[in-house]
Amino acid sequence: LKCSCGGSGYGELLKQRYPLPSVRTLQRRLQNLRFDSGILHEVFEFLKIKVDSYQSNERDCVLVLNEMAITPGKVYDMSLNKYFGDVTLPNRDGIASDVLVFLLAGVTMRWKQIVTYYFTSGSVDGSVFTNIIKEIFEKANVLNLNILDITSDMGPSNQTMWRTWGISAGRHTEIKNKIPRPIKMSNQNEFVYIFADVPHLFKNIKAMLIANKITTILQDIQENINYSLTPKLTEEDLMPSHFKKMKVMISTNVISHCVSSALKSLSEALNRPSYLTTAWFIDQVEKWFYLMSLRQSSSALSKMNLAAYNDAVQLLKDFMDLFTRMEVGPKKYGSLPKLEY
């Protein structure tokens, strides 16, 4: 019951005094559940309970790969009578420094479930992911889950995985963003699409803007005037530490309407037309990120409001065209003019 209605739903039943065991009692009953690295077969059994009541469109889902750093070391697990800490990815060895997680997440309704994880080292050949993903597809098909796409960041191992599948999206190459479905079923799409995750793309665009230097110029100018044009923008946002680079909020402080408006104001005050280009670009990226990160079906890419849907689709088409035609290369800027008010 808890697996079907989630923690909040089960908590509500307890509040209404239904004669159910406490959450801690359930945890004690599940503490012997095997959760060793690899395909989590018993988790798939619980997932079956969760999705049995879903409609066909609610079974549409995505497979997400995500990696997180851990502190290297050996830990003894008394319940399994074994040590943890070594790399568990197939055909790899050594002390683990990262954990690679595979999870399934719903498309038309919000649900997610970790189904596989491995301990990995810093350097991983992404081609080994192919067999793992194929096995996940096999397990998902037994539950009639329809995996529509595979999403990951653009780390070196994931890019190796993409190259193994022939995925390409370069400026001078043919765009290929889909692969044949590993396990084919009559009621499912023929292809699976490959996506780079939106937050990672967003942070990469922010890093490009920092290299462009105009936002740094904005911060320098703010130090010489009596008020702040962009109150949320700090020096730490422009030069974050290694771990803070991972935070999306750092990027939203740079790519924001506030920064765009400040650049437009400075463009007029300093007679710098180039600032308008950066301001316009920031506006476009902010609109794209807002659309891609919406969680409510009524305001995301939904046909509940057909006019808003058409506007959103047009925005995405324009955004793709923008990056297709964008000129790349370093730009040099002269010394800062003196700002007088």
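Since the structure is predicted, the reported quantities are computational estimates derived from the model, not experimental observations. (Residues numbered from 1 in each chain as written. Predicted model: local features only at pLDDT ≥ 70, side-chain atom pairs only at ≥ 80, totals over all residues. Heavy atoms only, no water.)

**Q** Before we move on, could you go through the overall build of the protein chain and cite the residues and values that matter?
**A** Each helix and strand in the protein chain was counted, giving twelve helices and nine strands. Here the protein chain holds 341 residues, and 36% of them are scored as buried. A sequence separation of at least 24 residues applies to 65% of the contacts in the protein chain between residues at least 6 apart. Entry remark: accessible area of the protein chain is about 20900 Å², with carbon and sulfur atoms responsible for 54%. (Helix = DSSP H or I, 4+ residues; strand = E, 2+ residues; numbered from the N terminus. Buried < 20%, exposed > 50% of the residue type's maximum accessible area, 1.4 Å probe, protein only. Contact = heavy atoms within 4.5 Å. Areas by Shrake-Rupley, 256 points an atom, 1.4 Å probe, with all protein chains shown as cover.)

**Q** Before we move on, can you summarise the packing of aromatic side chains with the specific residues and values?
**A** Applying the stated criterion across every chain, the model contains ten aromatic pairs. Each member of the aromatic cluster is reached from another via a ring pair, and the members are Phe-35, Phe-84, Tyr-117 and Phe-119. Sitting over the ring of Phe-84, Lys-82 keeps its end group 5.1 Å from the ring centre. Sitting above the plane of the Phe-191 ring, Lys-178 keeps its charged end 4.4 Å from the centroid. (Phe/Tyr/Trp six-rings, centres within 6.5 Å; stacked < 30°, edge-to-face > 60°. Lys NZ or Arg CZ within 6 Å of the ring centre and 35° of its normal.)

**Q** Requested: an account of helix 4 (residues 129-142), with residues and values cited.
**A** Between its first and last C-alpha, helix 4 extends 20 Å over 14 residues, near the 20 Å set by a 1.5 Å rise per residue. Once helix 4 ends, the next one or two residues include Asn-144, with phi positive near 60°. (Expected span 1.5 Å × (residues − 1).)

**Q** Requested: an account of the sheet that holds strand 9 (residues 191-196), with residues and values cited.
**A** Taken in spatial order, the seven strands make up an open sheet running 1-6-5-2-7-9-8, and their pairing is mixed. The sheet is open, and its two borders are formed by strand 1 (38-39) and strand 8 (178-180), each paired with just one other strand. Relative to strand 6 (residues 112-120), helix 3 (residues 41-51) is tilted by about 170°, and along the sheet it contacts strand 1, strand 5 (98-106) and strand 6. (Pairing = 2+ DSSP bridges. Axes fitted to C-alpha atoms, helices over the stretch in contact; angles between N-to-C directions.)

**Q** Quick rundown of the pattern of salt bridges? Include the residues and the values.
**A** A side chain with one charge can pair with a side chain of the opposite charge if their charged atoms come near. Applying the stated criterion across every chain yields a total of five salt bridges. Across the salt bridge formed by Asp-52 and Lys-48, the nearest N and O atoms sit 3.3 Å from each other. Judged by its relative accessible area of 46%, Asp-52 falls in the partly exposed class. (Salt bridge = Lys/Arg side-chain N within 4 Å of Asp/Glu carboxyl O.)

**Q** Tell me about the nonpolar core, and name the residues and values.
**A** Core analysis: the largest hydrophobic core is formed by 44 residues, its most contacted members being Leu-63, Leu-104 and Ile-133. Secondary-structure elements contributing two or more residues to this core are helix 3, strand 2 (60-69), strand 5, strand 6, helix 4, strand 7 (146-152), helix 5 (156-165) and strand 9. Counting residues per element, this core draws most heavily on helix 4, which supplies six residues. Once residues lying within four places of it in the same chain are set aside, the contact partners of Leu-63 are Phe-102, Leu-103, Leu-104, Ile-133, Ile-136, Phe-137, Ile-147, Asp-149, Ile-150 and Thr-151. One finds Ile-205, Ile-282, Leu-291 and Phe-319 within the second-largest nonpolar core, a separate group that totals 23 residues. (Core = buried A, V, L, I, M, F, W, Y, C linked by side-chain atoms within 4.5 Å.)

**Q** Tell me about the pairing of strand 6, and please be specific about residues and values.
**A** Pairing analysis gives two bridges linking strand 1 to strand 6, with the strands arranged antiparallel. Note on strand 6: the bridge partner recorded for Ile-39 is Thr-116. Relative to strand 6, strand 5 runs antiparallel, the two being bridged by eight bridges. Its bridge partner being in strand 6, Val-101 is matched across the sheet by Tyr-117. Joining the antiparallel neighbours strand 5 and strand 6 is a turn of five residues.

**Q** Please give an account of the pairing of strand 7 that cites residues and values.
**A** Burial analysis of strand 7 places six of its seven residues in the buried class, which makes it a mostly covered element. The pairing of strand 2 with strand 7 spans five bridges and is parallel. Paired with Asp-60 across the strands is Asn-146, a residue of strand 7. When strand 7 meets strand 9, the two strands line up parallel, connected through four bridges. What sits directly across from Thr-151, in strand 9, is Phe-195.

**Q** Explain unusual backbone geometry residue by residue, including any values.
**A** With phi around 65°, Asn-91 is a residue other than glycine that occupies positive phi space. Mapped onto the secondary structure, Asn-91 falls in the loop between strand 4 (82-84) and strand 5. A positive phi is found at Asn-144, a non-glycine position, where the angle reads about 60°. Summarising the element assignment, Asn-144 is placed in the loop between helix 4 and strand 7. Residue Asn-144 is classed as partly exposed on the basis of its relative accessible area of 45%.

**Q** Please provide a residue-by-residue account of a nonpolar patch on the surface, values included.
**A** Among the surface-exposed residues, Leu-30, Phe-46 and Ile-49 lie close enough to one another that they form a single nonpolar patch of about 250 Å² accessible area. By secondary structure assignment, the location of Ile-49 is in helix 3. (Patch = residues over 30% accessible without salt bridge, like charges linked within 9 Å, V, L, I, M, F, W, Y side chains within 5 Å.)

**Q** Outline the environment of Gln-16, supporting the account with residue identities and numerical values.
**A** The topology assignment puts Gln-16 in the loop between helix 1 (2-15) and helix 2 (23-30). When its relative accessible area of 47% is taken as the criterion, Gln-16 is described as partly exposed. A distance of 3.0 Å separates a polar atom in the side chain of Gln-16 from a polar atom in the side chain of Glu-12. (Polar contact = N/O pair within 3.5 Å; in protein donor to acceptor, adjacent residues only side chain to side chain.)

**Q** Account for the confidence of the model for the protein chain, naming residues and giving values.
**A** On average, residues of the protein chain score 83 in pLDDT, and 89% of them reach the 70 mark or higher. Across the protein chain, strand 5 holds the top mean pLDDT of 94, while helix 7 (residues 214-222) sits lowest at 67. Across residues 332-341, where pLDDT falls below 50, the model places 16 contacts with residues more than four positions away in sequence or in other chains. (pLDDT = per-residue confidence, 0-100.)

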